[in-house]
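# Results of the structural survey
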Amino acid sequence: MNYLGSKIRLSGFIYNEVSNMTGHNLDDRSFCDLFAGTGTVGNIFHSKVKSIVYNDREYYSLILNTAFYSDVSEAQYLTMLQELNRLEGVEGFVFQEYSESGSAGRLYFSAHNGKKIDAIRLHIEDLYQNSDISEDLYVLLIATLLVALDKIANTASIYCAFLKQLKKTALFDIELLPIKRALKKVRYKVYREDSSVLIKNLKGDILYLDPPYNGREYGSYYHLLNTISSYDTQFQPKGITGSRNYETSRFCRKKEAEKALFELIDKADFKYIFLSYNNEGFIPPFRIKEMMTGLGHYQYSSIRYPKFKSLRNDSRSYTEEYLHCLIKD
């Protein structure tokens with residue numbers, strides 16, 4: 001999926017640095033991704049560690065990361081996808097509120113795709129409520145829908161706005177295709193909690209932190225993924241974008257971000273703490289160094305990479321990503 005802040009392009013860099021700093025052998029170590037998003041970093045490590053934890057307060061993240069470990073057989077999965085792909089579209093909630101020709105006038109999807117999304121999501125819900133499919137398959141099918149709709153959404157990769165005209169890819173018909181799942185079965189847990197609360201109840205070896213760096217709130221940027229995941233059609237979409245109510249993270253508030261990060265690191269009962277944070281974030285590198293140095297041994301590495309494509313609105317086409325490492329005393 002196109003996802004703001006995704007570490008897919010940095011996955012090799014992150015894996016190599018974490019491996020080098022922790023002694024290469026990860027087989028007997030636990031790993032926790034506390035701001036998991038779509039699970040990119042956790043999924044890199046899942047086959048290398050003894051156990052893994054994902055957390056993110058967004059509901060779509062819970063769906064995607066739980067689906068990664070689905071035990072549904074490939075045969076059953078493919079049969080269900082064929083059934084869902086054959087459905088005729090219906091004029092439901094997504095069509096009316098977020099699609100071309102819908103009553104709300106929001107152009108997130110073509111009329112055809114809006115109707116198909118409604119038909120698919122309604123059918124998944126009916127099957128689950130009637131106990132015709134397991135919870136495991138239910139979550140997997142919703143995750144598959146999220147991945148599929150992201151490919152034909154009429155956006156610039158984020159859902160805080162839609163384009164004024166349907167772009168080429170938004171005219172393609174939505175198609176559910178199998179999504180990538182875990183190659184190795186490990187002990188795992190997926191949470192949907194406030195990181196500052198959950199950290200008090202966690203203990204392990206490696207903690208990876210990738211909090212918001214600035215005022216971009218993921219509850220706003222990806223509200224439509226939450227809406228389609230839950231399909232709670234009773235809420236009233238707000239404003240031009242049809243957004244949901246959300247609570248702004250402390251990490252998205254310039255005056256609170258530094259304190260929020262220090263409290264989190266200080267409370268963390270992990271030997272190794274890795275923090276991804278770029279040079280455009282609220283907290284400058286020297287302040288992160290100061291707070292980590294006071295808690296143990298500190299070191300860092302960095303890498304430059306191209307900006308997220310929908311945010312290239314200034315002359316600086318590259319961002320520098322820092323991977324800060326704290327080995328706690």
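About the criteria used
- Residues numbered from 1 in each chain as written.
- Predicted model: local features only at pLDDT ≥ 70, side-chain atom pairs only at ≥ 80, totals over all residues.
- Heavy atoms only, no water.
- Helix = DSSP H or I, 4+ residues; strand = E, 2+ residues; numbered from the N terminus.
- Rg over C-alpha atoms; globule rule 2.2 N^0.38 Å.
- Buried < 20%, exposed > 50% of the residue type's maximum accessible area, 1.4 Å probe, protein only.
- Contact = heavy atoms within 4.5 Å.
- Areas by Shrake-Rupley, 256 points an atom, 1.4 Å probe, with all protein chains shown as cover.
- Lys, Arg positive; Asp, Glu negative; His and termini not counted.
- Charge placed at Lys NZ, Arg CZ, Asp CG, Glu CD.
- Polar contact = N/O pair within 3.5 Å; in protein donor to acceptor, adjacent residues only side chain to side chain.
- Axes fitted to C-alpha atoms, helices over the stretch in contact; angles between N-to-C directions.

Within the chain, the secondary structure is distributed over 12 helices and 7 strands. Expected size for 329 residues packed as a compact globule is a radius of gyration near 20 Å; at 20 Å, the chain falls within 12% of this value. In terms of overall dimensions, the chain has C-alpha extents of about 60 × 45 × 30 Å along its principal axes. Burial statistics for the chain: of 329 residues in total, 54% are counted as buried. Of all intrachain contacts in the chain linking residues separated by at least 6 positions in sequence, the fraction that spans at least 24 positions is 74%. As displayed, the chain has an accessible area near 15,300 Å², and 47% of this comes from carbon and sulfur atoms. Charged side chains of the chain number 42 positive and 40 negative; the gap between the two group centres comes to 5 Å.

With respect to the secondary-structure elements, Glu217 resides in the loop between strand E4 (203–209) and helix H9 (218–221). With relative accessibility at 6%, the residue Glu217 sits in the buried group. For Glu217, the side chain forms a polar contact with the side chain of Arg57, separated by 3.1 Å. Here Gly219 takes part through its backbone nitrogen, which lies 3.2 Å from a polar atom of the side chain of Glu217.

Its place among the elements puts Leu275 in strand E5 (residues 269–278). When the C-alpha positions of Leu275 and Leu78 are compared, they lie 38 Å apart, and in sequence the two are 197 residues distant. Beyond its immediate stretch of four places on either side in the chain, Leu275 contacts Leu209, Pro211, Leu261, Ile288, Met292, Tyr322, Leu323 and His324.

Where helix H3 (residues 59–67) contacts helix H10 (residues 223–230), the axes come no closer than 8 Å and their chain directions differ by 65°. The residues of H10 that touch H3, namely those facing Tyr59, Tyr60 and Ile63, are Leu225, Asn226, Ser229 and Ser230.

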